[in-house]
Amino acid sequence: QVQLVESGGGLVQAGGSLRLSCAGSGRSFSRNFMGWFRQAPGKEREFVAAIVWSGGTTSYADSVKGRFTISRDNAKNTMLLQMNSLKPEDTAVYYCATGIAGSIRTAGSYNYWGQGTQVTVSS
């Protein structure tokens, strides 16, 4: 059974930083891609960033490019999201997810999801 557990969310002032972690268990992710999505109140879930486990290819939403960095720790089966220069509009519940086929920018390509972690950026 694949499990994904997010951590690292919290409250931060605008301009601050947070680092989110997603710990995966239950299988090897060497053939997977993993991604971060977020959902703000009253809005649809949106793509944030993704990484292909083998090779490390990354993709970012335009809204976070240059501020967020996605990475992975192969030994720990953990994906990280370093978020810098945070803005109030980054406030959302952040979900990590993993999939094996399809577009890494599309939520429908992901088969397993974590429970989410709240990120709140105050102005």
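Just above sits the structure.
Below: a short report on this structure. (Residues numbered from 1 in each chain as written. Predicted model: local features only at pLDDT ≥ 70, side-chain atom pairs only at ≥ 80, totals over all residues. Heavy atoms only, no water.)

Attention now goes to the nonpolar core. One finds W36, M79, L81, M83 and Y94 to be the most contacted residues of the largest nonpolar core, which totals 34 residues. Listed by contribution, the elements that provide at least two residues to this core are β3 (18–25), β4 (33–39), β5 (46–52), β7 (68–73), β8 (78–83), β9 (92–99) and β11 (117–122). The element that contributes the greatest number of residues to this core is β5, accounting for five residues. Among residues more than four places away in sequence, those in contact with L81 are L18, R19, L20, W36, V48, A49, F68, T69, I70 and Y94. (Core = buried A, V, L, I, M, F, W, Y, C linked by side-chain atoms within 4.5 Å. Buried < 20%, exposed > 50% of the residue type's maximum accessible area, 1.4 Å probe, protein only. Helix = DSSP H or I, 4+ residues; strand = E, 2+ residues; numbered from the N terminus. Contact = heavy atoms within 4.5 Å.)

Attention now moves to the pattern of salt bridges. Counted according to the given criterion, the structure contains four salt bridges. A salt bridge links K65 to D62; its shortest N-O distance comes to 3.3 Å. The class for D62 is exposed, based on a relative accessible area of 64%. When salt bridges with common partners are traced through the structure, they connect R38, E46, R67 and D90 into a single cluster. (Salt bridge = Lys/Arg side-chain N within 4 Å of Asp/Glu carboxyl O.)

Along the chain, S21 turns up in strand β3. Apart from the residues lying within four places of it in its own chain, the contact partners of S21 are V5, E6, S7, W36, T78, M79 and L80.

What is shown is where atoms sit, not what they do.
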